[in-house]
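Here is what each chain is made of, one letter per residue.
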Amino acid sequence: MTQCPVCNSTRIETRHYAKKVGGAIGTVAGAASGAGAVLSGAEAGAAVGAVAGPAGVLVGGIAGAVIAGLLGAAAGCATGVAVGDAIDSNVLDNCRCRSCGLTFSVGHR
Ligand SMILES: [Zn+2]
């Protein structure tokens, strides 16, 4: 249980600014860096879909691009959240006491 170092209140709210920001940035960065993966995903999907004919190439290409894009965004988001969480834990004053208003850092976990 997190306690205020001044008044020992346990009415502490945690703030996760870096975690939220990191997740958002990570999602965008992941999707952006996934752009190359989207292309290769589309190619791979098209190659696999080619077995089923011209329509298969289209469907396979779209599916491959969508999957690669989602994977890139998801991986980026997870990375961003992890980085942001580390920042929250180690750098920022990530806790605020609701009794006296003190903000302080807790290296939780
Ligand atoms: Zn306090």
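Just so it is clear, the structure is predicted and the values come from calculations on it, not from any experiment.

A. Summary view of the coordination of the zinc ion. Bound to the zinc ion are the protein donor atoms Cys4 (SG), Cys7 (SG), Cys97 (SG) and Cys100 (SG), situated 2.3 to 2.4 Å from the metal. Between the four donor atoms coordinating the zinc ion, the angles at the centre fall across 103 to 122°, so the site counts as tetrahedral. Each donor residue of the zinc ion belongs to the same chain, with the gaps between them written as C-x2-C-x89-C-x2-C. With cysteine 4 in the segment before strand S1 (12-14) and cysteine 97 in strand S2 (residues 95-97), the pair connects residues that are 93 residues apart, well separated along the chain. Note on cysteine 4: relative accessible area 0%, which makes it buried.

B. How the structure looks around helix H1 (residues 17-49). At alanine 35, H1 shows its largest bend, some 45°. Listed as buried for H1 are Ala18, Gly22, Gly23, Gly26, Gly30, Gly34, Gly41, Gly45, Ala46 and Gly49. Along its buried surface, H1 packs onto helix H2 (54-90).

C. Structural detail: the sheet that holds strand S3 (residues 103-104). With antiparallel pairing, three strands are arranged side by side in an open sheet as S1-S2-S3. The open sheet terminates on both sides in strands that have one partner only, identified here as S1 and S3. Alignment of S2 against S3, held across two bridges, turns out to be antiparallel. Within S3, the residue paired with arginine 96 across the bridge is threonine 103.

D. Broad picture of the environment of valine 51. Within the element layout of this structure, valine 51 appears in the loop between H1 and H2. Between the C-alpha atoms of valine 51 and alanine 37, which are 14 residues apart in sequence, the distance is 22 Å.

E. Fine view of the pattern of salt bridges. Taken as a whole, this structure holds two salt bridges when the rule is applied. A salt bridge links arginine 96 to glutamate 13; the nearest nitrogen and oxygen atoms lie 3.0 Å apart. Here arginine 96, found in strand S2, pairs with glutamate 13, found in strand S1; they are 83 residues apart in sequence, far enough to count as distant. We classify arginine 96 as partly exposed; its relative accessible area is 30%. A relative accessible area of 23% places glutamate 13 in the partly exposed class. Close ionic contact of glutamate 13 with arginine 98 constitutes a salt bridge, the shortest N to O distance being 3.0 Å. Of the two residues, glutamate 13 sits in strand S1 while arginine 98 sits in the loop between S2 and S3, which places them 85 residues apart along the sequence.

Scoring rules and cut-offs
Residues numbered from 1 in each chain as written. Predicted model: local features only at pLDDT ≥ 70, side-chain atom pairs only at ≥ 80, totals over all residues. Heavy atoms only, no water. Donors = N, O, S within 2.8 Å, 3.2 Å for Na, K, Ca; no water. Tetrahedral: all angles 85-135°; square planar, octahedral: opposite > 155°, others 65-115°. Helix = DSSP H or I, 4+ residues; strand = E, 2+ residues; numbered from the N terminus. Buried < 20%, exposed > 50% of the residue type's maximum accessible area, 1.4 Å probe, protein only. Bend = angle between axes of the 7 residues up to and from the residue. Contact = heavy atoms within 4.5 Å. Pairing = 2+ DSSP bridges. Salt bridge = Lys/Arg side-chain N within 4 Å of Asp/Glu carboxyl O.

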